[in-house]
Structure formats: C-alpha cells, structure tokens
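Residue-level structural notes
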Amino acid sequence: MKKADVQSNEYHEYYSRYIDKLDAKLDLIEGYITGKNHMIAFINNLPEEKLLYRYQPEKWSIKEVIQHLIDTERVFLYRCFRIARNDNTQIEGFEQDDYIKPSGADQKPRNELLEEFSINRENSIALLKSISDKNFAFIGNANGADMSARAAAFTILGHDIHHLEVINERYL
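Residues numbered from 1 in each chain as written. Predicted model: local features only at pLDDT ≥ 70, side-chain atom pairs only at ≥ 80, totals over all residues. Heavy atoms only, no water.

**Regarding the side chain of E116**
Our working definition: Secondary structure elements are defined from DSSP: runs of H or I of at least 4 residues count as helices, runs of E of at least 2 residues count as strands, and each element is numbered from the N terminus. Under the rule applied, a polar contact is a pair of N or O atoms within 3.5 Å (in protein, one hydrogen donor and one hydrogen acceptor; residues adjacent in sequence only if both atoms are side-chain atoms). The contact criterion used is simple: two residues touch if any of their non-hydrogen atoms lie within 4.5 Å.
With respect to the helices and strands, the residue E116 is situated in helix α5 (residues 110–129). A distance of 3.2 Å separates a polar atom in the side chain of E116 from a polar atom in the side chain of Q67. A polar contact of 3.0 Å, which involves the side chain of E116, links it to the side chain of R74. Apart from the residues within four sequence positions on either side, E116 is in contact with Q67, I70, R74 and K108.

**Describing the pattern of salt bridges**
As a reminder of what qualifies: Salt bridges are identified by distance alone: a Lys or Arg side-chain nitrogen within 4 Å of an Asp or Glu carboxyl oxygen.
Applying the stated criterion across every chain yields a total of 12 salt bridges. The partner of D106 in a salt bridge is R54, and the shortest N-O contact between them spans 2.7 Å. Of this pair, D106 sits in the loop between α4 (96–103) and α5 while R54 is found in the loop between α2 (28–44) and α3 (62–84), placing the two residues 52 residues apart along the sequence. Residue E116 is joined to R74 by a salt bridge in which the shortest nitrogen-to-oxygen separation is 3.0 Å. Here the residue E116 occupies a position in helix α5, and R74 occupies one in helix α3, the gap between them amounting to 42 residues. One network of salt bridges, with partners in common, ties together D71, R74, K108 and E116.

**Here we look at the layout of surface pockets**
Our working definition: Of the grid points, spaced at 1 Å and generated over the protein atoms alone, those admitting a 1.4 Å probe that cannot get out make up cavities, while open sets with protein on both sides within 12 Å along at least five of seven lines make up pockets; any residue with an atom within 4 Å of a point is treated as lining. Grid points are joined across faces, edges and corners, and a volume is the space filled by probe spheres set on the points. Throughout, the ten residues Ala, Val, Leu, Ile, Met, Phe, Trp, Tyr, Cys and Pro are labelled nonpolar, Asp, Glu, Lys and Arg are labelled charged, and all others, Gly among them, are labelled polar.
Considering only enclosed or pocket space, the largest pocket measures out at about 580 Å³ in volume. Y18, W60, H68, Q96 and H163 are, among the 27 residues lining the largest pocket, the residues nearest its centre. When contributions to the lining of the largest pocket are tallied by element, the ones reaching two or more residues are α1 (16–19), α3, α4 and α7 (149–171). For the lining of the largest pocket, the element with the most residues is α7, which contributes 8 residues. Estimates place the volume of the second largest pocket at around 240 Å³. Elements supplying a minimum of two residues to the lining of the second largest pocket: α2 and α7. At 7 residues, α2 tops the list of elements feeding residues into the lining of the second largest pocket. Taken together, the residues that form the lining of the second largest pocket break down as 7 nonpolar, 5 polar and 2 charged.

**Details of the nonpolar core**
To keep it simple, the criterion reads: As used in this record, nonpolar core signifies buried Ala, Val, Leu, Ile, Met, Phe, Trp, Tyr and Cys residues forming a set joined through side-chain atoms within 4.5 Å. Summary of the burial criterion: residues with accessible area below 20% of their type's maximum are buried, those above 50% are exposed, and those between are partly exposed, where the area comes from a 1.4 Å probe applied to protein chains only.
In terms of nonpolar packing, the biggest core is built from 32 residues, with L28, Y32, C80, L128, F136 and M147 touching the most fellow members. Elements with a minimum of two residues in this core: α1, α2, α3, α5 and α7. It is α7 that contributes the most residues to this core, 7 residues altogether. Counting residues in hydrophobic clusters, the runner-up holds 19 residues, among them I43, W60, L69 and L114.

**Quick word on the packing of α2 against α5**
Stated precisely, the cut-off is as follows: All axes are obtained by fitting lines to C-alpha atoms, using only the stretch in contact for helices, and the reported angles, taken between N-to-C directions, cover 0 to 180 degrees. Orientation is classified from the angle alone, with under 35 degrees giving roughly parallel, over 145 giving roughly antiparallel, 65 to 115 giving roughly perpendicular, and any other angle giving oblique.
It is at 10 Å that the axes of α2 and α5 come closest, and there the two elements cross at 175 degrees. It follows from the interaxial angle that α2 and α5 lie roughly antiparallel. Where α2 abuts α5, its residues L28, I29, G31, Y32, I33, G35, K36, M39, I40, I43 and N44 lie against R110, L114, F117, S118, R121, E122, S124, I125, L128 and K129. In terms of residue class, the contact of α2 with α5 is built from 11 nonpolar, 5 polar and 5 charged.

Structure follows, in structure tokens:
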C-alpha cells in the first residue's frame, strides 16, 4: 500500500502536518523498515552529551523525544489495529506530556531506548503485514474524529520525520 492511497477525508486535518511529509509513492512497510534503520543510525550518531539536552527548560530532552516517538507509535498502531478489525468503539485520545515523566526516559541508557524503539518497530511491522488492503481502508473514530487504519499507520512515519526535523533544528 502506498501513501497515495490515503485520502484527506480519512483523517482529521491536524494529521496532515505529518502525512503531508511523506512521498506519495512511499510503500507503508518499506517506510517502516527504512524509518527504523534511519532512526537507529540517527540516534547512534548523536553525541552522548546531547541526549539530555533541552533547548528550553520546559521542553523534552532528546531521550524524551525518542520515548515520545515510541509511545506515539504504540498509540497509533493500537488505533490502526482496532480500526482495521472494524471496531467501531470510539478510541480516546492521549495526553503526550503525561506519558513522558513516568517513562523515565532520561534515566534509560541509549542502548535501552534503541532496543525499545527497535522491538516496538518490528512489532508494528508484523502487525501491519497482517492487515489486508480492504481492512486498512476501514474508518473508525479516534480522538473524536474519523480516521482510517491506513491514515493511523502513515501518521507514525510522518510524525517521526517531524521530530527528527525538530531535533536537527533546535537541539543540534
């Protein structure tokens, strides 16, 4: 399945800030594999002293941003899974800031964050491979708005790109 398959009526306009970052020809599974490899290389190349850096006191550290990417992938893959299984129950939103402090991200060594990211991404890939194109097109309700399973899946890839851009612009 390609990003071009996702139509703008399959998600709330807020998510266009992520989905629009993706090339229309991007294959979903290939995007997850390439994204995993790129993220691991990027994180491995960061200087150790930068991992706890905050560009403003109230902003997350780079380790917390990485944890945020992991947590968001979990939330959006759960949305994707439920919608693809044609679960019509409304899926609640989540408050991203509430997830960071109890995560203990700043106390985790780089290799633990990378392992968590890698295992989570492999889990995501396995789930995505199990979903048919027909089921990816199903529409559910997530955080008070319509969302297709495929839009939830592609949002994750654009979300990763967004945060890598922020790290490059404001942290490095």
